[in-house]
Amino acid sequence: MKKIFLIIAIISSLIACETVKNAEQLHADAENVALLNGNWKFNALAGQGTNPMNVVEEEGDIIIDNLDSELVEVKGKWRTKKVGARGTDVYKENYFERNFKAGESAENYVRFYLKNDETSYYEAFAMYPFGSHTTAQFNVKHSGGKTPKHFLQRSNNGKWMSLGIYKFNKNEENYVEVTAITDGGVVADAVMFKPISEEFFLKTKKDAKEVFQTNFDDSDWKNLKVPGHWGMINDYSNYNGFGWYRKAFKLPENWSQNANERIRIKFEGVYHVCKVYLNDELIGENRGGFTPFEFDITNKLNYGKANVIAVEVDNRNIVGATWNWGGIIRDVYLTKNNEVRINNQNIHANPDLAKGSADLKLKVRLENNSEVEKEIAVKSVVSRNGELLELTKTVKVPANKIIDEFLEGKLASKDVALWHFDHPNLYEIKTTISEGETVIDSRKDNFGIRKIELTASKLLLNGEPVRLGGFNRVSEHRYWGSSEPLQVLEEDVDLMKEAGANFMRIMHGTQNEKLIDLCDKKGILLFEEVNVRNLTNPEFTAPEYPLIKKWITGMVERDWNHPSIIGWSIGNELSNHYDYAKYAMDFTRELDPNRLLTCVSNSGQKSFSNRKTDPNTEVDLIMHNMYRWQGTPQEIIDKLRSEWPEKPIFISEYGFDPYPTTSLDGDQQIVSDWNQHWRGKNDFVIGASMWTFNDYRSAYAATSEEENRVWGLIDVWRNKRRLFHRVEKEFSPIKNIVVENIDLSKGKASVEMPIRGLNDYPSYSLQGYKLEWDVRNKGGKVVAKNAKELPLIKPGNKVWKGDIHWNKTSNDVLDLRVRLISANGYQRYEKVIPFTVPLSPKITGIDVGDKSVRVWFKKVAGADEYLVEYKNEGETVRSFKTITNAVEIDGLTNGKAVDFSVIAINEKGESQQPNSISGTPNGKPLAPKVWKSFIEDNKIVIGYTSEKQDDFYVVKYGTSKDNLDEEFRSNVRGMMTIDLENESEVYFQIQREIKGQKGNWSAIIKAN
C-alpha cells in the first residue's frame, strides 16, 4: 500500500513539475511593468462554496423544515408566514420571520437539529424566502465548534445555499442556528444535510492546506482569463464561495536581483476578499473588491526560474441588488522600481477665470526603501501639444520613509484650455526623480483645468451656471461582468454621451480607472462613491471604520488627478449615520481638499430627518435618491429645501418599477413627467441621474428569470430600449428641431431650434456645436449631406434660426435627417422628416412553439416601428408594435398553419405589399430568443431569454449552417459559454427543456 501511495505522489509531483516547466515567460515594457494578465488556472475546492443551480435534493439527504417540531427549536417571538415576500418561494407550507434589534441573538433564534446515531460527514445547506436582513447569521454547530456564516436574505431566495462541509459527532448537539447580531428582518425556513464520505471530507481539508503550494497538481483545472470572473465558466455561473487561481511565470529576462531595486505585484481589483501566495508563502491579504493593492515580493521571487502564484478569492459578500462577480476582475502586473520611487502624485489646477491664467500645485509622494537618506532631484514637466512648464526641486528623503513634497507654478492665459464636458481638454504632467545624474523613476498623469463652484442654488462650471443630467451605470456586462474590458467601457461611455449624459453619480464602488479615463477624454462629470451601503456590515467597525478609510484612501489617491471627478461620496442610503458621515467626510477632506463631498441619502425627506440628525447638514451638495414610495417629487424637494436652504440638490437616483420583461419595447412616460418638477422651477435642483443606464445581473428577489434587473435604457447586451430615445430628447439642451419650407428640388430648408432657458433642464451653453444633415434614398443610402458651424448659443437665447442646403438629388427620397452635434462629436438631438413610407421588411425566419410563433425580419431604413399582421379564426389580427427585429405571437392553434406579414411604420404610414411567411404551432415550447451571440476568448457567448419553468438549454453548433455536429447542454439562465477549438465562424440553434420535454429549435444563427 505504501508503494502505491509513493507512486501516486511521484506522478503528482511530475505533473506539478510539468506545470512549472511550462511557466509563462513575462515581458516588461519601457516602464518596467510586466503584465500577469491572460490565462490562469482556476478551480473551486469541494466544500468551499456552491453553485445553487447544481444543488439537487437526493435520496439520503436529511431535510428539516421549520414545521418539523421535533427537530426545530424556536426561541423568542417569531411570526409564522405562508407567502414569501416579493413573490419568492417557500419550502413546503410556511416559514418563520422576526425583526431583530442589535444584541438579541442570544435569546432569539431558530435551531434545526441534526439527529445522527453515528459520527457522520455532511455538507449543510439553508433555504429561505425574501428577508430584509443584509447579514443574517447562520451558525453551524459541529464537532469542531460553532461556525458562523452570513447571508443577504434579499438574494438567492428559494435556493439551497451551502454552509460548508463538516464532521458531526454522534451524541453531541449538532444544528444550524438562524439568528442575527444586527438590526433587520430575518427568515428561517429549511435546512438540508447532504451526506459525504469521510475520504471526501479529509481530501477537501488536505487540498485546502496544499492548494497554494508550488508542487500542487493543477493540470486538470480550467483555464480562466484575467481580468475576468469565474461566472464566465458555466459550472461557476452562480457560484458563491472560495475560488482558487494559480499561475506559473518567469520574470522578464532582463530582470535580475538587485539590492537597489524592489519588485512588487499589484492587483487593480479582486472581488471581494483574497489571500495571495507566492512560492509556497502567504505574502498578503486584501478585503474589498474595487480598490487596488500591492505587495513587495522582492525577496520572495525565484530569479531565473519559475515562480508560482496562487490567489484564494472569496466572493460571498453580496451588497444590495448587484451581482457578486467573483474573481480577479482587473489588471494584475509586476513593477520594478529603484529603492527610491515616486509612490504617487497629485496635481491641482486652479484657474483664474478673470485673467485666464491657472495656478498649479503639485504634490509628489516619494518613498525611500533604503537604509540611508537619499538626496533626490525632482523635475515635473507640464505639457499640452508641447512642453509648457517645468517645476524642479531637490529634496532629502529619510531612510525607510514616505514623504510628500510640494511644487508650484503658473500657466499663462495663452496656455490655458479649460476642461468642460463639451471640451475635455487634457494636460499631461510627467515627473522624474534622479539621484546624481541617473534618472531612477518617472510617472505620468493626465489632468484638466476646470473650476467647480457651488452657491445655495447653483452649480457653476468654469463660471457658468449649469443644470445637467446623467445616469447611474452599474459596473458590469452580462458576459464580462465587472471585469469590463476597454471595448465595453468605450461603448458605454459613447452610448451615455449619445443619450445626453454630462453629470452623474456614476455608481456605488470605486470604478474601473479605464472608465474614468474615458470620462476625462469624452467629457462626463462624476461623483465617485466608496462601496459602503450598510453600516451593519460585519466588516465595518465603528467608530473609526478602518476598512472604510482604507477603501476611501484607495479610491481618492488613485483617482485624484482625474478632471471628470468633481466630488466624492462616502456612502449610499445609510441609516443612523450622522456620526459616520461627518467622520468619513472629514477624513476624505484631509486626503483631497479640492473636491466636493457628499453622502447619498434616501431619508432626508423623512419627518425625523433634520439638521441635527441627518448628515445633509455636513455635505457640500445634497444628493438624494428619489423614488415614489417617498412621496411626490415636489413634497420631497420641499422638505429638503426647507431644512437645508443653503445647499443645492442633485437627484442622484430616480427610477421607477422595473419592466415586467426584458423586452426592448419598454418605455417610461413618467421619466418625462418627473423631469417637469425641475424644469422652469426648483432651480436649486442642479441636475439628476437616472437609475439605471443599463440592466444588470442580480440574484435579488423579483428579478427576471434571466437573472437581470430590468431598469435600463439598454439591456445587459447593450441593445437600446425605447426609453433610450425618450431620454435622448429629455437630456438635450434644445427642445426641438423644427424643419420648414423644405424644397427637395432646390435642396434647401429652414431650421429653428428652441433653446432651453436658464432655469430649464438641462441648461448650458452650446459652444463649438454644429448642425449636420443628410438626405437618404428609399434604400437608406445617403445621397447628399452637409453641415454648418453654429455660433455660441446661450440658454437665454430662446431660439436659433437658419437655413440649410444640400446638393439636388433624384426623386427617390426617403427622408431628411437633421442633427445637433456637440463640440466633441456627440449627437444632442435628431429630427427625421420622412417623405414616404418605408420599404417592406424582409422576413428572415420563424420559430414555432406551443400556440405561439416568433417572426424574425430585417429592419429597413426610415422605419420607426414594426408589427406583424395575420389571420386567426378568420379575423385579421395585428400584433403590438416593436422597435426590435422580432415579434412573438401567442393565442394560436396548434397544428394550424398561419401566414404572417411584417409591416414597417413611420410618420407617413405603413409599408406596402408586405412579405409573408407561414408557421404552424406544434405544442412544443418556443425556443429562447437570442439577444446576442459572439465569439470571444475562444468561446461562443450566447445571451438568451429564460422562463421560470425552464430546466435546461441545448445548443447544436458547427462551422457551417449545414453541419451543426456539436451539442452542448446547460442549466445556466440568461447566458452560456461554449469552449471552441479556435473556430472563427460558428452557427448554432438553441432549444429549451422543461421536465424532460424538448422544445423547438430556433432558427439557425451565426455567432458574430
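Owing to the predicted nature of the structure, the values given are computational and were not obtained by experimental measurement.

Peer 1: Help me understand the packing of helix α3 (residues 486–498) against helix α4 (residues 513–522), please; the structure alone is not making it clear to me.
Peer 2: Each pair of packed helices can be described by the angle between their axes along with the distance between the axes. Remark: α3 packs on α4, axes separated minimally by 10 Å, with the N-to-C direction vectors making an angle of 40°. The angle between α3 and α4 places the two elements in the oblique class. Crossing of α3 over α4 shows right-handed handedness. Along its contact with α3, which presents Leu 486, Leu 489, Glu 490, Val 493, Asp 494 and Lys 497, the element α4 presents Lys 514, Leu 515, Leu 518 and Lys 522. Partitioned by chemical class, the residues of the contact of α3 with α4 number 5 nonpolar, no polar and 5 charged.

Peer 1: For this particular structure, what's the right way to read unusual backbone geometry?
Peer 2: The bulk of non-glycine residues show a negative phi, and the bulk of peptide bonds are trans. Between Val 226 and Pro 227 the backbone carries a cis peptide bond, its omega angle lying at -5°. As for its placement among the helices and strands, Pro 227 is situated in the loop between β17 (222–226) and β18 (240–250). In this model, Trp 691 is joined to Thr 692 through a cis peptide bond whose omega is -5°. Mapped onto the fold, Thr 692 is located in the loop between β44 (685–691) and β45 (696–697). For Asp 280, which is not glycine, the phi dihedral falls at a positive 80°. Considering the arrangement of structural elements, one finds Asp 280 in the loop between β21 (273–278) and β22 (281–287). Even without glycine at this site, Asp 937 takes up a positive phi of about 55°.

Peer 1: How do you make sense of helix α6 (residues 578–591) when you look at a structure like this?
Peer 2: What sets the pattern is the α-helix's 3.6 residues per turn: residues three or four places apart point alike. A rise of 1.5 Å per residue sets the reference length of α6, with its 14 residues, at 20 Å; its end C-alpha atoms lie 20 Å apart and thus fit the reference within 8%. Tyr 578, Tyr 580, Ala 581, Ala 584, Met 585, Phe 587, Thr 588 and Leu 591 are the residues of α6 that are buried. Those residues of α6 hidden inside the fold are in contact with β28 (358–368), α5 (546–559), β40 (565–572) and β41 (596–600).

Peer 1: What is the right way to look at the packing of aromatic side chains in this model?
Peer 2: Given two aromatic rings, one states the distance between the centres and the angle between the planes to describe the pair. Applying the stated criterion across every chain yields a total of 46 aromatic pairs. With 5.4 Å between their ring centres and 65° between their planes, Tyr 113 and Tyr 175 make a pair best called edge-to-face. With Tyr 113 in strand β9 (residues 109–113) and Tyr 175 in strand β14 (residues 175–179), the pair connects residues that are 62 residues apart, well separated along the chain. A relative accessible area of 4% places Tyr 175 in the buried class. Ring-pair connections join several aromatic residues into one group, and the members of that group are Phe 471, Tyr 654, Phe 656, Trp 674, Trp 678, Phe 693, Phe 731 and Tyr 761. Between the NZ or CZ atom of Arg 384 and the centre of the ring of Tyr 427, over which it lies, the distance is 5.8 Å.

Peer 1: I would appreciate a short explanation of the sheet that holds strand β15 (residues 184–188) in the present structure.
Peer 2: Taken in spatial order, the 3 strands line up as β7-β8-β15 in an open sheet, and their pairing is antiparallel. The strands lining the two open edges of the sheet, one partner per strand, are β7 (79–81) and β15. Adjacent strand axes in the sheet meet at a mean angle of 35°, parallel and antiparallel pairs treated alike. Across 5 bridges, strand β8 (residues 95–100) lies against β15 in antiparallel orientation. Residue pairing for β15: Glu 97 is matched across the bridge by Val 187.

Rules of the game
- Residues numbered from 1 in each chain as written.
- Predicted model: local features only at pLDDT ≥ 70, side-chain atom pairs only at ≥ 80, totals over all residues.
- Heavy atoms only, no water.
- Axes fitted to C-alpha atoms, helices over the stretch in contact; angles between N-to-C directions.
- Helix = DSSP H or I, 4+ residues; strand = E, 2+ residues; numbered from the N terminus.
- Parallel < 35°, antiparallel > 145°, perpendicular 65-115°, else oblique.
- Left-handed = near helix turned anticlockwise from the far one by under 90°.
- Contact = heavy atoms within 4.5 Å.
- Nonpolar A, V, L, I, M, F, W, Y, C, P; charged D, E, K, R; others polar.
- Expected span 1.5 Å × (residues − 1).
- Buried < 20%, exposed > 50% of the residue type's maximum accessible area, 1.4 Å probe, protein only.
- Phe/Tyr/Trp six-rings, centres within 6.5 Å; stacked < 30°, edge-to-face > 60°.
- Lys NZ or Arg CZ within 6 Å of the ring centre and 35° of its normal.
- Pairing = 2+ DSSP bridges.

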